[in-house]
Amino acid sequence: MTTTFVRPGESNTYVPNHAATGNLVIGFSRNPDDFPLNQYVQLKPVTKDQGFYLRVTTEEAGRILSTDLAEFVWPDGADRPQNNDGTESFGYLPYKTKRLDYPYKLGDKSREQADWAISETHKSIKAQQAMTARTVSAHAILGNDSNFEAAHVAVVASISGNTGPWDASTVARQDIKRSLNYAAEQILKSTLSVVRKKDLRLVLDVTTAHQISECQEIVDHIKGSPEAYSQVKGDAGRWSQYGLPDKLYGYSVVVEDTVKVTSRRGASSATRDFVATPGRAYLLARPGALVAPSGNGPNFSTICAFLYEEMTVEEFREAKQRRLEGHVVDDFAMVVTASASGFVFKDVLT
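Structural notes, computed from the coordinates.

Describing the overall build of the protein chain
Right, so step 1: The helix and strand inventory of the protein chain stands at seven helices and 14 strands.
Right, so step 2: Looking at the protein chain residue by residue over its 350 residues, the buried ones come to 38%.
Right, so step 3: Restricting to contacts in the protein chain with at least 6 residues of sequence separation, those with at least 24 account for 76%.
Right, so step 4: By element, 51% of the accessible surface of the protein chain is carried by carbon and sulfur atoms, the whole surface being about 20,800 Å².

Here's the deal with the pairing of strand E14 (residues 343-346)
Right, so step 1: In terms of strand pairing, strand E5 (residues 153-155) meets E14 through three bridges, oriented parallel. Residue Val153 lies in a different strand from E14, and its bridge partner there is Val344.
Right, so step 2: Note that strand E11 (residues 281-285) and E14 share three bridges and pair antiparallel. Pairing of Tyr282 across the sheet is with Val344, part of E14.

Brief notes about the pattern of salt bridges
Right, so step 1: Counted by the stated rule, this structure contains 13 salt bridges.
Right, so step 2: Asp108 is paired through a salt bridge with Arg111; the nearest N and O atoms lie 3.1 Å apart. Taken together, the positions of Asp108 and Arg111, both in helix H1 (residues 108-113) and three residues apart, correspond to about one turn of that helix.
Right, so step 3: Residue Arg111 is classed as partly exposed on the basis of its relative accessible area, which comes to 28%.
Right, so step 4: Asp108 sits in the buried class, given a relative accessible area of 6%.
Right, so step 5: By sharing partners, the salt bridges in this structure join Asp108, Arg111 and Arg317 into a single network.

Considerations on helix H3 (residues 175-190)
Right, so step 1: Under the 1.5 Å per step criterion, the end-to-end length of H3 is 22 Å for 16 residues, consistent within 8% with the ideal 22 Å.
Right, so step 2: Buried within H3 are the following residues: Asp175, Ile176, Ser179, Leu180, Ala183, Ala184, Gln186 and Ile187. Seen end-on, H3 carries its buried residues on one side only, within an arc spanning 165°.
Right, so step 3: Directly beyond the C-terminal end of H3, a positive phi value near 55° is found at Leu192.

What to know about the environment of Val328
Right, so step 1: By the element assignment, Val328 lies in strand E13 (residues 323-336).
Right, so step 2: The spacing of Val328 and His122 is 206 residues in sequence and 9.9 Å in space, taken between C-alpha atoms.
Right, so step 3: Apart from residues lying up to four places away in sequence, Val328 is in contact with Leu100, Asp101, Tyr102, Lys123, Lys126, Ala127, Ala130, Met311, Thr312 and Val313.

Comments concerning a nonpolar patch on the surface
Right, so step 1: Together, Phe52, Leu54, Val56, Phe90 and Tyr92 make up a nonpolar patch on the protein surface, roughly 590 Å² of accessible area in all.
Right, so step 2: Going through the elements one at a time, strand E2 (50-56) and strand E3 (90-96) are the ones with two or more residues in the nonpolar patch.

Focus on the sheet that holds strand E12 (residues 303-318)
Right, so step 1: The four strands are arranged E1-E12-E13-E4 in an open sheet whose pairing can be described as mixed. Only two strands of the sheet have a single partner each, and these edge strands are strand E1 (42-45) and strand E4 (98-107). Pairs of neighbouring strands in the sheet enclose a mean axial angle of 30°, with direction left out of account.
Right, so step 2: Sheet topology places E1 next to E12; four bridges connect them, and they run parallel. By the bridge assignment, Lys44 is partnered in E12 with Phe306.

Here we look at the sheet that holds E11
Right, so step 1: Strand order in the open sheet formed by six strands is E5-E14-E11-E6-E8-E7, with mixed pairing between adjacent strands. At either margin of the open sheet sits one strand with a lone partner, and together these are E5 and strand E7 (247-248).

Reading guide: rules and limits
- Residues numbered from 1 in each chain as written.
- Predicted model: local features only at pLDDT ≥ 70, side-chain atom pairs only at ≥ 80, totals over all residues.
- Heavy atoms only, no water.
- Helix = DSSP H or I, 4+ residues; strand = E, 2+ residues; numbered from the N terminus.
- Buried < 20%, exposed > 50% of the residue type's maximum accessible area, 1.4 Å probe, protein only.
- Contact = heavy atoms within 4.5 Å.
- Areas by Shrake-Rupley, 256 points an atom, 1.4 Å probe, with all protein chains shown as cover.
- Pairing = 2+ DSSP bridges.
- Salt bridge = Lys/Arg side-chain N within 4 Å of Asp/Glu carboxyl O.
- Expected span 1.5 Å × (residues − 1).
- Arc of directions from axis to C-beta.
- Patch = residues over 30% accessible without salt bridge, like charges linked within 9 Å, V, L, I, M, F, W, Y side chains within 5 Å.
- Axes fitted to C-alpha atoms, helices over the stretch in contact; angles between N-to-C directions.

If you want it as structure tokens, here you go:
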């Protein structure tokens, strides 16, 4: 090997290395806790990878057949009313989790010579990949209209009083507000007013969020609200990112911005896309905490993720192969458990 000898000068008296930037690492791994999915899906730990959950219908608790309550009257001295049809129907529905493994391998030389936390970085990458997969699974079942009652799925233009899609709505039309109130009424009826507005989340994809934030109905709604100045300043919250408030007409807004890569490693270019489908929106119930409480109480979350194993991180040193083998393992089932507490809006964009 030959080399060129030079005299001391600018930028040639040292060997360039990573330490020059203080070992700066540029990456885009996302904290699993930051995924929007956690705002509209409830987690339910389970002890077996398959089983049943109990769904009880709601009609009996609200069944009143007459305004004078004749069916419940018990005159003095008469036999107690013997209604043999006063029970509620129920059914056991199955779930079955699927174990998924997100692996990586690092040679010993790569790890030993790396001046950055190469193993920890790949753990974060795989945790993000697992959360992205959960989001894909959730939107696969949300995208199937048959998972919901027919009365809980509607093209927004077909809702009584609406003129067309949300992105063309005006102050006079009020298509967005009318759609949300219509859906909330359907959910109130189906759940006998158990699920309230505070329990509901309006879930939008990024494209829909941006486009409806620019329509006249939303612009004028914000203009006349106390939050107008905070939007102009770009205060914290969803103002700066999507142009929508944290709550719209009293409904909490969740913008599903998770991105998936659909091209294989080594492809000439990476294909990236948002997980959520543009033009669909959802009003979903997610009452209470992220993790469903244990016990026999009713649960009203529209979607539950049954978790048999939640993101176990395992690493194995293979001495013979001189490498580290890492895995993030997730074992779950994503299920629409309470379809009566959710609503699907279709064709919300022009």
